[in-house]
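# A structural walkthrough
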Amino acid sequence: MSVKRHTSEAGIPGAFAGETITRRRLMTSAAHTAGAIATAAIALPAIGFALGPVFERQPATWQPLGRLADFPRDTYVMRVVTETPGIGEAGKTTVFVRRRDPAVDTEPGDRFNQVLAITSRCAHVGCPVSFKEAADVFVCPCHGGVYDFRGRRIGGPPPRPLDRFYTRIRPGGAVDIGPRYSVNSELRRFSPRYSGEPLDGIGPILYPARPTTPRRPR
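Report on the accompanying structure. (Residues numbered from 1 in each chain as written. Predicted model: local features only at pLDDT ≥ 70, side-chain atom pairs only at ≥ 80, totals over all residues. Heavy atoms only, no water.)

A separate point is the nonpolar core. The biggest cluster of nonpolar side chains holds 13 residues, and the ones touching the most others in it are Y76, F96, V129, F131, F138, Y147 and L162. Sequence-distant contacts of F131, that is, excluding residues within four places in its chain, are made with T75, Y76, F96, D136, V137, F138 and F149. With eleven residues, the next largest nonpolar core counts V81, V95, A117 and I177 among its residues. (Core = buried A, V, L, I, M, F, W, Y, C linked by side-chain atoms within 4.5 Å. Buried < 20%, exposed > 50% of the residue type's maximum accessible area, 1.4 Å probe, protein only. Contact = heavy atoms within 4.5 Å.)

Pasting the structure below:
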């Protein structure tokens, strides 16, 4: 069966010799193209306006935590801070705070971890953990997760240590708390991940950082 390349060969009324597309189809295609361009001109800016904040990284924010003298080295003090601003009580969380002890905390120290602030949310499914001072461990009541004094997993299903928060000491001894971050088994810092996401091995590849993660303090 031969392919008819010209409209005149197909017997279309009003066709010109050598014509490969009808005038009606040409006008219809042109109208559809113009409509698509007009729709895109209206829709794309609206979509960009709506989705822009989803991919916008927020600056690091700080809030007062207390005085340096308020935090011991050998145990934790509980504080309630705002982790997600703008949503009231739902944005608050409890943290466990102590001063860094060079004899215990062997990971590299810098100006953002001279005071350690550890989350109260288990790295398994986010249940609240409690610190058992008699045994120097954190325990999750939901599924039996256990963490040592430094927040490293020593038992149960959690895939990584407890998350931490950046802290800083201002002149005069006031302590501020900043954004949350996650750590792997070696306590190496990563952008905050959701509960259940491991950060050892290929974990950082399988569970990349979210685009809205606050910028790392400098």
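Let us keep going from here.
A grouping of I202, I205, L206 and Y207 is seen on the molecular surface, where their side chains present a nonpolar patch of about 430 Å² in accessible area. Assignment of secondary structure puts L206 in helix 2 (residues 203–206). Given the relative accessible area of 54%, L206 is considered exposed. (Patch = residues over 30% accessible without salt bridge, like charges linked within 9 Å, V, L, I, M, F, W, Y side chains within 5 Å. Areas by Shrake-Rupley, 256 points an atom, 1.4 Å probe, with all protein chains shown as cover. Salt bridge = Lys/Arg side-chain N within 4 Å of Asp/Glu carboxyl O. Helix = DSSP H or I, 4+ residues; strand = E, 2+ residues; numbered from the N terminus.)

Quick look at unusual backbone geometry now. The phi dihedral of D136 falls on the positive side, at around 55°, and the residue is not glycine. For D136, the location among the structural elements is in the loop between strand 5 (130–132) and strand 6 (137–139). Given a relative accessible area of 32%, D136 falls into the partly exposed group. One non-glycine residue, L187, adopts positive backbone phi at about 65°. Topologically, L187 is positioned in the loop between strand 10 (174–183) and strand 11 (189–190).

Moving on to the side chain of D163. Summarising the element assignment, D163 is placed in the loop between strand 8 (153–155) and strand 9 (164–169). Within the local environment of D163, its side chain forms a polar contact with the side chain of R160, the two groups lying 3.3 Å apart. Of note is the side chain of D163, whose polar atom sits 2.4 Å from the side chain of R180. Apart from residues lying up to four places away in sequence, D163 is in contact with A117, I118, T119, R180, Y181, S182, V183 and R193. (Polar contact = N/O pair within 3.5 Å; in protein donor to acceptor, adjacent residues only side chain to side chain.)

As a further point, take the pattern of salt bridges. Taken as a whole and judged by the stated rule, the model has 13 salt bridges. For R189, the salt bridge goes to D110, with nearest N and O atoms at 2.9 Å. Of this pair, R189 sits in strand 11 while D110 sits in the loop between strand 3 (92–99) and strand 4 (115–119), placing them 79 residues apart in sequence. When its relative accessible area of 19% is taken as the criterion, R189 is described as buried. Take D110: its relative accessible area is 29%, and that puts it in the partly exposed class. The salt bridge involving R160 is made with D163; its shortest N-O contact spans 3.3 Å. Looking at D163, the relative accessible area reads 6%, which means it is buried. Salt bridges sharing partners connect three or more residues here, namely R98, R100, D105, E107, R150 and R164.

Read across the sheet, four strands follow the order 5-6-7-8 without closing on themselves; strand pairing throughout is antiparallel. The open sheet terminates on both sides in strands that have one partner only, identified here as strand 5 and strand 8. As paired strands, strand 5 and strand 6 are joined by three bridges and run antiparallel to one another. Paired with F131 across the bridge in strand 6 is F138. (Pairing = 2+ DSSP bridges.)

Turning our attention to the state of the cysteines. Disulfides are covalent bonds that link the sulfur atoms of two cysteine residues. This model, assessed by the stated rule, comprises one disulfide. Here C127 connects covalently by a disulfide to C142, the sulfurs 2.2 Å from one another. Taking the sign of the S-S torsion, about -105° here, the bridge from C127 to C142 comes out left-handed. With C127 in the loop between strand 4 and strand 5 and C142 in the loop between strand 6 and strand 7 (146–147), the pair connects residues that are 15 residues apart, well separated along the chain. Among the cysteines around C122, which has no disulfide bond, C140 carries the closest sulfur, lying 3.9 Å off. Looking at C140, the relative accessible area reads 3%, which means it is buried. (Disulfide = S-S within 2.5 Å.)

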